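For reference, the chains in residue letters:
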Amino acid sequence: MTTADPGGRRPVVDLSEEEARRRLPLKWGVPEGVLPAWVAEMDYAVDPVVLDAVRGMLADGITGYPPDGWDAGLATSYAEWSARHFGWAPEPEAVHPVVDVTAGVRLVIDVLSDPGGVVFPTPGYNAQHGLARVTGREEHLLEVPATADRAEIDLDRLDRLLADGARTLLLTQPHNPWGRAFTRAELEGVRDVVVRHGARVVSDEIHAPLVLPGAEHVSYLSIDGTHDHAVAVVAASKAFNTAGLRCAQLVVPDAAARRRLAEQPMSRNDSWSPLGAVAARAAYEHGDGWLASLVERLDQQRALLVDLLAEHLPEVRMRPVEATYLAWLDASAYGHDDAAAVALERGRVKLSPGHAYAPGSTGHVRLNFATSPERLTQIVERLATAWV
Ligand SMILES: Cc1ncc(COP(=O)(O)O)c(C=O)c1O
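Computed from a predicted model, the values in this text were never measured in an experiment.

About the thresholds
- Residues numbered from 1 in each chain as written.
- Predicted model: local features only at pLDDT ≥ 70, side-chain atom pairs only at ≥ 80, totals over all residues.
- Heavy atoms only, no water.
- Helix = DSSP H or I, 4+ residues; strand = E, 2+ residues; numbered from the N terminus.
- Rg over C-alpha atoms; globule rule 2.2 N^0.38 Å.
- Buried < 20%, exposed > 50% of the residue type's maximum accessible area, 1.4 Å probe, protein only.
- Contact = heavy atoms within 4.5 Å.
- Areas by Shrake-Rupley, 256 points an atom, 1.4 Å probe, with all protein chains shown as cover.
- Lys, Arg positive; Asp, Glu negative; His and termini not counted.
- Charge placed at Lys NZ, Arg CZ, Asp CG, Glu CD.
- Axes fitted to C-alpha atoms, helices over the stretch in contact; angles between N-to-C directions.
- Left-handed = near helix turned anticlockwise from the far one by under 90°.
- Nonpolar A, V, L, I, M, F, W, Y, C, P; charged D, E, K, R; others polar.
- Pairing = 2+ DSSP bridges.
- Phe/Tyr/Trp six-rings, centres within 6.5 Å; stacked < 30°, edge-to-face > 60°.
- Lys NZ or Arg CZ within 6 Å of the ring centre and 35° of its normal.
- Near = heavy atom within 4 Å.
- Polar contact = N/O pair within 3.5 Å; in protein donor to acceptor, adjacent residues only side chain to side chain.

Engineer: Can you help me understand the overall build of the protein in this one?
Structural biologist: Within the protein, the secondary structure is distributed over twelve helices and 13 strands. Scaling as 2.2 N^0.38, a compact globule of 388 residues should have a C-alpha radius of gyration of about 21 Å, and the protein matches this with 20 Å. With respect to the principal axes defined by its C-alpha atoms, the protein has extents near 55 × 55 × 40 Å. Counting over 388 residues, the protein shows a buried share of 57%. Within the protein, contacts between residues at least 6 apart in sequence are counted, and of these 75% link residues at least 24 apart. Carbon and sulfur atoms provide 52% of the accessible area of the protein, an area that totals close to 15,900 Å². Once the 37 positive and 53 negative side-chain charges of the protein are each reduced to a mean point, those two points are 3 Å apart.

This is the structure in structure tokens:
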């Protein structure tokens, strides 16, 4: 057993621009004067409890290879964390570290999925657009109709794609960039279709800790009848801003699937970093007090974004954001061929371009609102100058 101490409330601390440039070199690697609201990292200092754990490990000089199963306590920590937050937990033996979520998803498709297409709800996380191809499979897009007020999985289309030979659904729950946390009823609908076709689900749940007030996270694996065909890929790294430390976790409830993964040759070299494992364990055991402050802040930022858009960019359409700190904005009413390019050129704001998430969506952008209220205000004001 672990000695989980979720700890008291700790505040979210905003990074100054100088700190952000140093600590988030990808996101803030933009020219002077440009405001970055693109890649999914937050302009907040890492929870001191997590940093202390990593510092402690380095102070002990632990820098060697992690043996298989090293820090077995991580699995128990995750299971206990999942029980506290989601009311459902896997058996600890189902939880295995892997280098990151992207690699975990790729590994599961490679090893466990039958040959055949991968169904990918679209718009979808840009790095995952290439996953089907690198696993030697065809990608089948499952689009959300642009007119829908709520982004929902089209079960009839999923049914047709699986009937036509696709073998895997790459679910993202909660979804980036739809901003949806799918409900139990929706996931049961997905399960029914998948089971009918004997297909697989890989459920990327990296954004699960970032479900905002008004919604809840339901793990696909908490749905009855999913353990024989599904794997979840989870991580503390997105919610705790530690993506560079390299550790995610696979949740594989099916023992036969675990054996197949364990038999993979060493040449795959998909080992994780002990730094990431220590950070994840500290987050799961002691991070609740910081995470509660984070969710409160993101809820405020979400409300501020709605107000700012209403005031400065009334023609922008944004579906309600239930989870994540990423808003999918339809700015096509302003008539620009590439809204993100115009935002950068004229507004000096770097956004993620819509076409990276859905082919042809050049009027859309993804905006990261995990920053200070002042910076978010500046971002929207600049977008208004650029687009209107
Ligand atoms: C849905 C989703 N999956 C995976 C990732 C990347 O995770 P990792 O860095 O662990 O590969 C992201 C990053 O933002 C994401 O949004």
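Engineer: Is there a simple way to explain the packing of helix 3 (residues 73-86) against helix 9 (residues 274-286) in this structure?
Structural biologist: Two quantities define a packed helix pair, namely the angle between the axes and the distance from one axis to the other. Between helix 3 and helix 9, the least distance of the axes is 9 Å, while the angle of their chain directions is 35°. Considering how the two elements wind past one another, helix 3 and helix 9 form a crossing that is left-handed. Every residue of helix 9 that contacts helix 3 at Gly73, Leu74, Ser77, Tyr78, Trp81 and Arg84 is listed here: Ala277, Ala280, Arg281, Ala283, Tyr284 and Glu285. Class assignment of the residues belonging to the contact of helix 3 with helix 9 gives a composition of seven nonpolar, two polar and three charged.

Engineer: Teacher, can you tell me more about the sheet that holds strand 7 (residues 230-234) here?
Structural biologist: Hydrogen bonds between backbone atoms are what pair the strands of a sheet, whose relative direction is either parallel or antiparallel. Reading across the sheet, the seven strands line up as 2-8-7-6-5-3-4 and stay open at both edges, with mixed pairing between neighbours. Each having just a single partner strand, strand 2 (95-98) and strand 4 (139-143) make up the two edges of the open sheet. Ignoring strand direction, the axes of neighbouring strands in this sheet form an average angle of 25°. Pairing geometry for strand 7 and strand 8 (residues 248-251), over three bridges, is antiparallel. Counterpart to Ala232 in the pairing with strand 8 is Val251.

Engineer: Got a minute to help me understand the sheet that holds strand 10 (residues 326-330) in this structure?
Structural biologist: Judged by pairing direction, the sheet is antiparallel, and its four strands sit side by side in the order 9-10-13-12 without closing on themselves. Only two strands of the sheet have a single partner each, and these edge strands are strand 9 (317-318) and strand 12 (352-353). Pairing of strand 12 with strand 13 (residues 364-368), which is carried by two bridges, proceeds in the antiparallel orientation. Within strand 13, the residue paired with Ser352 across the bridge is Arg366.

Engineer: I'm lost on the packing of aromatic side chains in this one. Help?
Structural biologist: One pair of aromatic rings is described through two measures. These are the centre distance and the angle between the planes. Inspection of the entire model under this criterion finds seven aromatic pairs. These aromatic residues form a ring-pair network of at least three members: Tyr78, Trp81, Phe86 and Tyr284. Positioned over the ring face of Trp38 is Lys350, at 4.2 Å from the centre of the ring.

Engineer: Hey, could you run me through the environment of Ala75 in this one?
Structural biologist: Tracing the backbone shows Ala75 in helix 3. We classify Ala75 as buried; its relative accessible area is 10%. Measuring from C-alpha to C-alpha, the distance between Ala75 and Glu91 comes to 8.5 Å, with 16 residues separating the pair along the chain.

Engineer: It is not clear to me how the site of the ligand should be interpreted in this structure. Could you clarify?
Structural biologist: Every residue close to the ligand is listed here: Ala40, Asp100, Val101, Thr102, Tyr125, Gln128, Thr172, Asn176, Asp204, Ile206, His207 and Lys238. Between the ligand and Asn176, the relevant distance is 2.7 Å, taken from an oxygen atom to a side-chain nitrogen or oxygen of the residue. Here a nitrogen atom of the ligand and a side-chain polar atom of Asp204 are 2.5 Å apart. About the coverage of the ligand: the protein hides 92% of its 400 Å² of free accessible area. Grouping the constituent residues of the shell around the ligand by class yields four nonpolar, five polar and three charged.

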